[in-house]
Amino acid sequence: MWNNDSNTTIQNWETGHDDTLLNWKSVENCVPVMLAHLHRYGEGLKIWGMPTRIITFLAIVEDVDVVNTRVNFKFRDETGSLKGVQWLCNEIYECPVKINSYARVYGSMRKQNYENFILVAKIQPMDHLNELCAHLMEVTFICLEAENLSIQASQNHSANNTSIKNNNPSIFAPPSNDDNDCSNLTYEQNLVMDIITRGHPEDGAERSAIKCQVPLYLAPKVDAILEFLSSEGHVYTTKTDDYFKKL
């Protein structure tokens, strides 16, 4: 789950057009996640209250597009899809992974034009199906540990020891429903509300983007959830009927 081994570090990775040289020699952690976590929290990823520096995930490579000095990827797992960018150091590039096959990706989160994407440090093909199973188990373990910590913190709540859920939002905690007007919403409705809250500050979140960020099982229910939230006065439409913003 946590990679402290120097063998897993990635060295001499440049961001391309940015003059900043990122040094990966002192990597403190490498956290396994699902794409839904990256969509939901972006650069604000935390695990048990600690900021993450490098994340890793397993996903299907849906598209690879080489453009000048960078490679654009599109990834998908069972929780959603996400774009990725890798800057090239050499003019000749041979993609190590095949389209419509699983790949292991290491990188960090970035945001541009209010859209989250993964800045890819390393990408490699998945060696064995057991690797996917192990990844899901690691993410599940973190979820369970986060839940246990949240319960313990709530039981020991005091002036000097506030709830982890309130002060240290975790990428694996349920969506927050601290607002009084959202207290009666279901988990799925709160999940959609959370995505809308993190949308564009003026336009809000677009319908198709919301469907990409929720778990796959929830995507067919998004339209009904949006209609309910709108009718109950939790959200309103902005520039079109497909853009929603929290009241």
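Preceding this paragraph is the structure being described.
Residues numbered from 1 in each chain as written. Predicted model: local features only at pLDDT ≥ 70, side-chain atom pairs only at ≥ 80, totals over all residues. Heavy atoms only, no water.

Some words on the pairing of strand 13 (residues 243-246)
Part 1 of the reasoning: When strand 11 (residues 205-206) meets strand 13, the two strands line up antiparallel, connected through 2 bridges. Considered in strand 13, the bridge of Ala205 is made with Phe244.
Part 2 of the reasoning: Alignment of strand 12 (residues 235-237) against strand 13, held across 3 bridges, turns out to be antiparallel. Note that in strand 13 the partner of Val235 across the bridge is Lys246.
Part 3 of the reasoning: Connecting strand 12 to the next strand, strand 13, in antiparallel fashion are 5 residues. (Pairing = 2+ DSSP bridges. Helix = DSSP H or I, 4+ residues; strand = E, 2+ residues; numbered from the N terminus.)

Focus on helix 4 (residues 187-197)
Part 1 of the reasoning: Of all 11 residues making up helix 4, 8 are buried, and the element is well covered by its neighbours.
Part 2 of the reasoning: Among all positions in helix 4, only Gln189, Asn190, Leu191, Val192, Met193, Asp194, Ile195 and Ile196 are buried.
Part 3 of the reasoning: Looking at the buried residues of helix 4, the elements they touch are helix 1 (35-41), strand 11, helix 5 (207-213), helix 6 (222-231), strand 12 and strand 13. (Buried < 20%, exposed > 50% of the residue type's maximum accessible area, 1.4 Å probe, protein only. Contact = heavy atoms within 4.5 Å.)

Let's talk about the nonpolar core
Soluble, globular proteins show a tendency: their nonpolar side chains are buried together.
Part 1 of the reasoning: Judged by nonpolar contacts, the single largest core of 23 residues is most densely connected at Leu38, Phe57, Phe75, Ile118 and Ile123.
Part 2 of the reasoning: Taken together, the elements giving at least two residues each to this core come down to helix 1, strand 6 (54-67), strand 7 (70-77), strand 9 (102-112) and strand 10 (115-125).
Part 3 of the reasoning: Element by element, the count of residues in this core is highest for strand 6, at 4 residues.
Part 4 of the reasoning: Those residues in contact with Ile123 that lie beyond four places of it in its chain are Val61, Phe73, Phe75, Gln86, Pro96, Val97, Ala103, Arg104 and Val105.
Part 5 of the reasoning: Counting 17 residues, the second-largest nonpolar core is a separate cluster that includes Val192, Ile195, Ala205 and Val235. (Core = buried A, V, L, I, M, F, W, Y, C linked by side-chain atoms within 4.5 Å.)

Thoughts on the pattern of salt bridges
Part 1 of the reasoning: Under the definition given, this model contains 10 salt bridges.
Part 2 of the reasoning: Between Glu115 and Lys83 there is a salt bridge, with its nearest N and O atoms 3.6 Å apart. In this pair, Glu115 sits in strand 10 while Lys83 sits in strand 8 (residues 80-87), placing the two residues 32 residues apart along the sequence.
Part 3 of the reasoning: With relative accessibility at 40%, the residue Glu115 sits in the partly exposed group.
Part 4 of the reasoning: Between Arg207 and Asp242 there is a salt bridge whose closest N-O contact spans 2.7 Å. Placement of Arg207 in helix 5 and of Asp242 in the loop between strand 12 and strand 13 is noted, with a sequence separation of 35 residues between them.
Part 5 of the reasoning: One connected set of salt bridges, linked through shared partners, spans Arg207, Lys211, Asp223 and Asp242. (Salt bridge = Lys/Arg side-chain N within 4 Å of Asp/Glu carboxyl O.)

Observations regarding the packing of aromatic side chains
Part 1 of the reasoning: Following the criterion strictly, the structure yields 2 aromatic pairs and no others.
Part 2 of the reasoning: Consider the rings of Phe57 and Phe75, whose centres lie 5.5 Å apart with planes at 75°: the pair is edge-to-face. Separated by 18 residues along the polypeptide, Phe57 in strand 6 and Phe75 in strand 7 bring together distant segments of the chain.
Part 3 of the reasoning: Accessibility expressed as a relative area gives 0% for Phe57, which makes it buried.
Part 4 of the reasoning: Relative to Phe75, the ring of Phe73 lies with its centre 5.5 Å away and its plane at 15°, an arrangement referred to as stacked.
Part 5 of the reasoning: Among the aromatic residues, ring-to-ring pairing joins Phe57, Phe73 and Phe75 into one connected group.
Part 6 of the reasoning: Sitting over the ring of Tyr243, Lys239 keeps its end group 4.6 Å from the ring centre. (Phe/Tyr/Trp six-rings, centres within 6.5 Å; stacked < 30°, edge-to-face > 60°. Lys NZ or Arg CZ within 6 Å of the ring centre and 35° of its normal.)

Limitation: the analysis is restricted to geometry and does not speak to function.
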